[in-house]
Amino acid sequence: MLISYIQSIMMIILEVICCKIFFESFAEKRSKNNYRNYSIILGIVVCEYVIASLFYDKFILKQILAIVAVAVFMCFYFKIHFGKAIILSLLFQALLLSVDYFTLWLNVSLFDSIAEISRLHFVGGSLITVLGKIILFLVVLLIRKKVGGESSDVLRSTDWLRFIFFPVFTIFTVIALIMTSGNIENQKQENVFLVIALCLAGMNIVAFYMINDILKREIKIRENEVFQLKARNQTDMYRSISENFVKQRKKTHEYKNQIMCIESLIEMENYDELKDYVKSISGNLSTELDYIKTNNVIIDAILNSKYKETLDKGIVFIFQINDLSGIKMCDEDIVVILSNLLNNAIEACEKCSGKKFMKMKLVKEKDNIIISVKNTYDGKLNIKDGEIQTSKKYEMDEHGVGIKNIIEVITKYQGSYAIRNDNNEFYFSVILPN
């Protein structure tokens, strides 16, 4: 009798965990307080057990109470309104019943008749129940993969197949236990079979949450990498603006001295020396002015700093620009796109053993902003579905993270992009609505 109670509680716990994973595919937790969350889960388990015990012979009423109870508790656990919680609870209950009926059909096909399942009594019925919960867990995982959040995206399809192998292996193991349960001779063997099945089910849950924790840490590491790269780009840009400001102050002071010198030569009517002096300072002036003017302070600062960098590194930089004073993008997003595109292009050109050149088009045409950068590179690039593929499973260099940052901004403004490589030339083009 004790084994029966333990089995009932374990089955309810497996159901509740599957329900929680199902809800996590569609909603976000309200709190990160583990004690509060564990209390809510414990509340669901107790409530489900009470409902199952009191209304075991009233199927429809039991289902209605279970749906409402789950919805209420999940409203405390997740950021979700009651109406949506009811719908999700109803969907999960329908999924649970569908899996139970599928499991019954599967076992009927294995044992030829329901009567033979009943003949096995406790251990046979218990193993069938465990099998149903493991199949439910597998189905919920597939739903999580399809519509889940960031952690689902981090785990690639091949890795998901490897992980799902464990619940599939468990399903076949439990089926094998069911098929051999007819040869059980005593209560001790029944208990061993049941413990094996429950332990396998529990190990699936433990493995899932271990992998889930690893993925959460991976997401935090990636977010930190992205933040650091953005901060570095912004720091470089603002440092460039600051350096230009300091240079401008020095130039202003020099211009005052030069004007005083010109006034002095005019007063002395020394026009030949005045002519030579004006010619010398006008030559220096032409080399000190910024090369690129777009009527946008941020874009000018980035382009001029990168242009001077290409001159120092022997890279030919050809560009086409127009008046960009009407750009509506925020400064941070401008920095992300331009800094990453140009930094990547300069790094690629530096590694070239042959010709080193960059071409850039940055224009505002009608209601669109067009940004395209083409540069030479050495080596091989693997581009698939518009994204640069990396051979590393979970690690990406700054180039890869930079491109992901660019795509994130493009998506934010509902723009489009194209990536292409041909004859050792890499091409990245962006169209953004303005």
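All of these numbers come straight from a predicted model, not from anything done at the bench.

Chemist: Provide a residue-level description of the overall build of the protein, including the pertinent values.
Modeler: Secondary structure assignment for the protein yields twelve helices and seven strands. Here the protein, with 434 residues, has 40% of them falling under the buried criterion. Partitioning the intrachain contacts of the protein with sequence separation of at least 6 by distance along the chain shows that 72% fall at a separation of at least 24. Carbon and sulfur atoms make up 59% of the accessible area of the protein, which amounts to about 24,900 Å² in all.

Chemist: Go over the nonpolar core with me, naming the residues and quoting the values.
Modeler: Ranked by internal contacts, the top residues of the largest apolar core, which has 55 residues, are F23, M74, V130, L131, L136 and V140. The greatest single-element share of this core, amounting to eleven residues, is contributed by helix α5 (residues 114-147). Non-local contacts of F23, meaning those with residues more than four positions away in its chain, are made with V70, M74, F78, I80, A85, L88 and S89. L362, I371, I406 and L432 belong to the second-largest nonpolar core, a separate cluster that totals 40 residues.

Chemist: Now, about the sheet that holds strand β7 (residues 425-433): what can you tell me, with residues and values included?
Modeler: Reading across from one edge, β1-β2-β3-β7-β6 is the order of the five strands in this open sheet, with mixed pairing throughout. Edge positions in the sheet fall to β1 (316-321) and β6 (416-422), since each of these pairs with one other strand and no more. Here the strands of the sheet are splayed against their neighbours by 10° on average, with no regard to which way each runs. Two strands pair when backbone bridges link them, and β1 and strand β2 (residues 357-365) are joined in this way by six bridges, in the parallel orientation. In the strand pairing of β2, Q320 is matched with K361. On the sheet, helix α11 (residues 331-350) packs against β1, β2, β3 (368-376) and β7 and is oriented at approximately 15° with respect to β3.

Chemist: Kindly report on a nonpolar patch on the surface, identifying the contributing residues and their values.
Modeler: Taken together, the side chains of F59, I60, I64, V68, V72, F76 and F82 present a nonpolar region at the surface, about 650 Å² in accessible area. Of all the elements, helix α3 (residues 59-77) adds the most residues to the nonpolar patch, at six residues. Considering the arrangement of structural elements, one finds I60 in helix α3.

Chemist: A description of the packing of helix α2 (residues 34-54) against α3 should follow, citing residues and the corresponding values.
Modeler: It is the contact of α2 with α3, at a shortest axis distance of 10 Å, that shows an interaxial angle of 170°. Considering their axes alone, α2 and α3 lie roughly antiparallel with respect to each other. Judged by residue contacts, R36, N37, I40, I41, G43, I44, C47, E48, I51 and A52 of α2 engage K62, L65, A66, A69, V70, F73, M74, F76 and Y77 from α3. Looking at the contact of α2 with α3 residue by residue, the class counts come to 14 nonpolar, two polar and three charged.

Chemist: Account for the UniProt feature "transmembrane region" (unreviewed entry) in the protein, naming residues and giving values.
Modeler: The UniProt record annotates "transmembrane region" (unreviewed entry) at residues 6-23, 35-54, 60-78, 85-108, 120-143, 163-180 and 192-212. Structurally, residues 35-54 comprises 100% helix and 0% strand, and the distance from its first C-alpha atom to its last is 28 Å. Helix makes up 100% of residues 85-108 and strand 0%, whereas the separation of the span's terminal C-alpha atoms amounts to 34 Å.

Chemist: Break down the packing of aromatic side chains for me, with residues and values.
Modeler: For the structure on display, the rule yields twelve aromatic pairs. Within the aromatic cluster, the residues linked to one another by ring pairs are F22, F23, F26, Y77, F78 and F92.

Chemist: So, the packing of helix α10 (residues 297-312) against α11: which residues are in play, and what are the values?
Modeler: Their axes nearest at 10 Å, the elements α10 and α11 cross at an angle of 10°. The angle between the axes of α10 and α11 places the two elements in the roughly parallel class. Residue-level contacts link I298, I299, I302, L303, K306, E309 and T310 of α10 to D331, I334, V335, L338, S339, L342, N343 and I346 of α11.

Chemist: Pulling in residues and values, what's your account of the pairing of β6?
Modeler: Strand direction decides the pairing type here: β6 and β7, joined by seven bridges, are antiparallel. Across the sheet, residue S416 finds its bridge partner in β7, namely I431. Taken together, β6 and the strand that follows it, β7, pair antiparallel across an intervening segment of two residues, in which N423 is found at a positive phi of about 55°.

Chemist: An account of the pattern of salt bridges is requested, with residue identities and associated values reported.
Modeler: Counting across every chain of the model gives eleven salt bridges. Two residues, E309 and K313, come together in a salt bridge whose shortest N-O distance is 2.8 Å. Residue E350 pairs with K313 through a salt bridge whose shortest N-O separation is 3.4 Å. Pair noted here: E350 is in helix α11 and K313 is in the loop between α10 and β1, with a separation of 37 residues, a long-range link. In this structure K313 comes out as partly exposed when scored by relative accessible area, which is 32%.

Parameters at a glance
Residues numbered from 1 in each chain as written. Predicted model: local features only at pLDDT ≥ 70, side-chain atom pairs only at ≥ 80, totals over all residues. Heavy atoms only, no water. Helix = DSSP H or I, 4+ residues; strand = E, 2+ residues; numbered from the N terminus. Buried < 20%, exposed > 50% of the residue type's maximum accessible area, 1.4 Å probe, protein only. Contact = heavy atoms within 4.5 Å. Areas by Shrake-Rupley, 256 points an atom, 1.4 Å probe, with all protein chains shown as cover. Core = buried A, V, L, I, M, F, W, Y, C linked by side-chain atoms within 4.5 Å. Pairing = 2+ DSSP bridges. Axes fitted to C-alpha atoms, helices over the stretch in contact; angles between N-to-C directions. Patch = residues over 30% accessible without salt bridge, like charges linked within 9 Å, V, L, I, M, F, W, Y side chains within 5 Å. Salt bridge = Lys/Arg side-chain N within 4 Å of Asp/Glu carboxyl O. Parallel < 35°, antiparallel > 145°, perpendicular 65-115°, else oblique. Nonpolar A, V, L, I, M, F, W, Y, C, P; charged D, E, K, R; others polar. UniProt positions renumbered as here; feature names shortened; annotations may be inferred. Phe/Tyr/Trp six-rings, centres within 6.5 Å; stacked < 30°, edge-to-face > 60°.

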